[in-house]
Amino acid sequence: SSRSSGSRTAGSGRPAPSGTRAVFIRGSLTGILKRYKNTSIPMNTIVHLSDAALIAVHALAGLAAQPARLTQGRDLAAAIGASENHLAKVMQRLVRAGLARSVKGPSGGFALARPADKISFKDAIEAVDGPLGPDFCPFRTTRCSPDNCIFGPDVARHAHQLVAYLGKRTISDIGPGGNVHPAL
């Protein structure tokens, strides 16, 4: 029997009419998208941290790079590539958490509230995103169940290791003594 290299009509085994393959693929994709339309799967990353958390870590690193001076919000926002409004919200949370301090007025700005080696990445992330608890998952979808994870039990173990690592890595690890240069 001769085999056609074209696609086949679903369930019939007969060759599909020209152009049907694309419709079938599109139809399948539509079904998959409908199934996951209410999930918050990060499309561009594997490990997802919120934009606010990333801004927090970068802002604290920027402040640590210039510990002897106050840094104005607009300068910090420009240096780390964040909008001034988003940075302002993040800085408000960092000040509330005791990680940064704010001085109002024309010569005011932001500075670290404690030494950079006493501020962990976890501190910064939790200040804006809330606690990284025992059920933390770096993939964060609304339909996930830790008891039925498609990645298996290893992801939970690695997530715990990630949280521990974030608790050990400090803002002082960035910059002059660390292996990364801050945005400022």
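Fair warning: this is a prediction, and the values are worked out from it, not measured in the lab.

With that settled, the discussion passes to the pairing of strand β1 (residues 100–103). As paired elements, β1 and strand β2 (residues 109–112) share 4 bridges and run antiparallel to each other. Bridge pairing in β2 links Ser102 to Phe110. The hairpin formed by β1 and β2 contains 5 residues between the paired strands, and Gly105 there has a positive phi angle of roughly 110°.

On to helix α6 (residues 154–168), then. Over its 15 residues, α6 extends 21 Å from the first C-alpha to the last, a length consistent with the 21 Å expected when each residue adds 1.5 Å. Listing the buried residues of α6 in full gives Val155, Ala159, Val163 and Leu166. Along the axis of α6, the buried positions cluster into a sector of 85°, meaning they face one direction only. Buried positions along α6 lie against α5 (121–129).

What follows covers the nonpolar core. Membership of the largest hydrophobic core comes to 36 residues, with the highest contact counts inside it found for Leu60, Leu87, Met91, Leu94 and Ile171. Those elements that provide at least two residues to this core are α2 (51–65), α3 (73–80), α4 (84–96), β2, α5 and α6. Apart from the residues within four sequence positions on either side, Leu94 is in contact with Ala56, Leu60, Leu99, Ala100, Ala124 and Ala127.

One can find Thr170 in the segment after α6. Beyond its immediate sequence surroundings of up to four residues, Thr170 is in contact with Ala116, Asp117, Ile119, Ser120 and Phe121.

Moving on, we get to the environment of Gly133. Residue placement: Gly133 occurs in the loop between α5 and α6. What makes Gly133 partly exposed here is its relative accessible area of 23%. For the pair formed by Gly133 and Val163, sequence separation is 30 residues and the distance between their alpha carbons is 8.7 Å.

What follows concerns the confidence of the model for the protein. Confidence along the protein averages 75 in pLDDT terms, with 65% of residues attaining 70 or more. At the level of individual helices and strands, the protein shows its lowest average pLDDT in helix α1 (residues 20–35), which scores 40, and its highest in α4, which scores 97. Note that pLDDT drops below 50 for residues 1–13; the model gives that stretch 13 contacts with residues more than four away or on any other chain. The low-confidence segment residues 16–45 (pLDDT under 50) makes 18 contacts with residues lying over four places distant or belonging to another chain.

Another point: the pattern of salt bridges. A full pass over the atoms with the stated rule returns 2 salt bridges. Between Arg114 and Asp123 there is a salt bridge whose closest N-O contact spans 3.2 Å. Of the residues examined, Arg114 reaches a relative accessible area of 31% and is grouped as partly exposed. Residue classification places Asp123 among the partly exposed positions, given a relative accessible area of 26%.

Rules behind the numbers
- Residues numbered from 1 in each chain as written.
- Predicted model: local features only at pLDDT ≥ 70, side-chain atom pairs only at ≥ 80, totals over all residues.
- Heavy atoms only, no water.
- Pairing = 2+ DSSP bridges.
- Helix = DSSP H or I, 4+ residues; strand = E, 2+ residues; numbered from the N terminus.
- Expected span 1.5 Å × (residues − 1).
- Buried < 20%, exposed > 50% of the residue type's maximum accessible area, 1.4 Å probe, protein only.
- Arc of directions from axis to C-beta.
- Contact = heavy atoms within 4.5 Å.
- Core = buried A, V, L, I, M, F, W, Y, C linked by side-chain atoms within 4.5 Å.
- pLDDT = per-residue confidence, 0-100.
- Salt bridge = Lys/Arg side-chain N within 4 Å of Asp/Glu carboxyl O.

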